[in-house]
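Single-letter residue listing:
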Amino acid sequence: MTAHADESGSKGSEWKPLFNGKNLDGWKHVGPGEIVVENGVLKTVGGMGLLWYTGEKIGNSVIRVVYKAPDDNGGGNSGVFIRIPEQPTEPWMPVNKGYEVQIDDSDDDWHRTGVLYSFTKTLAQPKTGEWNTMEITIEDERTSVTVNGVKVTDFREGSPVPEKKQKHEPDRGKRAASGYIGLQNHGAKDTVYFKEVSVKKLK
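A quick note: this is a predicted structure, and the numbers were derived from the prediction, not measured. (Residues numbered from 1 in each chain as written. Predicted model: local features only at pLDDT ≥ 70, side-chain atom pairs only at ≥ 80, totals over all residues. Heavy atoms only, no water.)

Digging into the sheet that holds strand β12 (residues 180–185)
How we decide: When DSSP finds two or more bridges between a pair of strands, those strands are recorded as paired. Every helix listed is a DSSP run of H or I at least four residues long, and every strand listed is a run of E at least two residues long, numbered separately from the N terminus. Structural elements are reduced to axes, namely lines fitted to C-alpha atoms, with helices fitted over the stretch in contact, and the angle between N-to-C directions of any two is expressed from 0 to 180 degrees.
In space, the five strands of this open sheet follow the order β2-β5-β12-β7-β8, with antiparallel pairing throughout. Among the strands making up the open sheet, the edge pair consists of β2 (27–30) and β8 (99–103). Recorded for the sheet is a direction-independent mean angle of 25° between the axes of neighbouring strands. Relative to β12, strand β5 (residues 49–53) runs antiparallel, the two sharing four bridges. Counterpart to G49 in the pairing with β12 is N185.

Some thoughts on the side chain of T44
Let me state the cut-off plainly: A 3.5 Å cut-off defines polar contacts: any pair of N or O atoms within that distance qualifies, except that in protein one atom must be a possible hydrogen donor and the other a possible acceptor, and neighbouring residues in sequence count only when both atoms are side-chain atoms. Every residue pair with non-hydrogen atoms within 4.5 Å of one another is taken to be in contact.
Secondary-structure assignment places T44 in strand β4 (residues 41–45). There is a polar contact of 2.9 Å between the side chain of T44 and the backbone oxygen of D190. A polar atom in the side chain of T44 sits 3.0 Å from the backbone nitrogen of V192. Sequence-distant contacts of T44, defined by excluding residues within four places in its chain, comprise E34, I35, S78, Q184, N185, D190, T191, V192 and F194.

Considerations on the pairing of β5
To be explicit about the condition: Partly exposed describes any residue whose relative accessible area lies between the buried limit of under 20% and the exposed limit of over 50%, with all areas from a 1.4 Å probe on protein chains only and scaled to the type maximum.
In terms of burial, β5 is a largely internal element, five of the five residues being buried. Burial along β5 is two-sided: G49, L51 and Y53 and L50 and W52, pointing in opposite directions, are all buried.

Some words on the pattern of salt bridges
It is possible for side chains bearing opposite charge to pair when their charged atoms get close. Rule in force here: Each reported salt bridge corresponds to a side-chain nitrogen of Lys or Arg within 4 Å of a carboxyl oxygen of Asp or Glu.
In total, this model carries 11 salt bridges according to the counting rule given. A salt bridge links R142 to D154; its shortest N-O distance comes to 2.7 Å. Residue R142 is located in strand β10 (residues 142–147), and its partner D154 is located in strand β11 (residues 150–156); the two are separated by 12 residues in the primary sequence. Looking at D154, the relative accessible area reads 37%, which means it is partly exposed. Its salt-bridge partner being D154, residue K151 comes within 3.0 Å of it at the nearest N-O pair. Take K151: its relative accessible area is 37%, and that puts it in the partly exposed class. Several salt bridges share partner residues, and in doing so they unite K16, E56 and K201 into one network.

The structure is reproduced here in structure tokens:
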């Protein structure tokens, strides 16, 4: 699949890859740890940090992330950050001002894969395998998430949410209609791999 087919107005894919499979061009890391490219995929190392896409703020789009979260060492914790209102210089502003779409099959229904971390309760627990596809749809004030085709989250700004209970949970409040996106490297025991990060604008 070439970029030329996308731009020619043909009925080909409208997905724009943000990760080129080779290096971190267009991405910047903040905070401890790092995300590296290994065998053509992104791999989280240490943390807690954030690799964010510098190219543009993303709104009214579908973000597709193909990830693998092996739990051989009890790990598998990461997240896809959306609606980050300004360029991050450290990892906590995105937590408190954006949303983390969680990747972690081991936690409770408010902190599991596909939810907006601590804001929404999972609508379903999709089966996950080696590689999984998460699609995050940002549509003005609505955010919906599917994992392997199963809807896990459908949230509208202003809907009731539980109060913040733990210090590490995000501050409450409305999020930006569009914002930067990022991938979390959570900690030393949490190795997660990403082989695709793509965006398709909504018509």
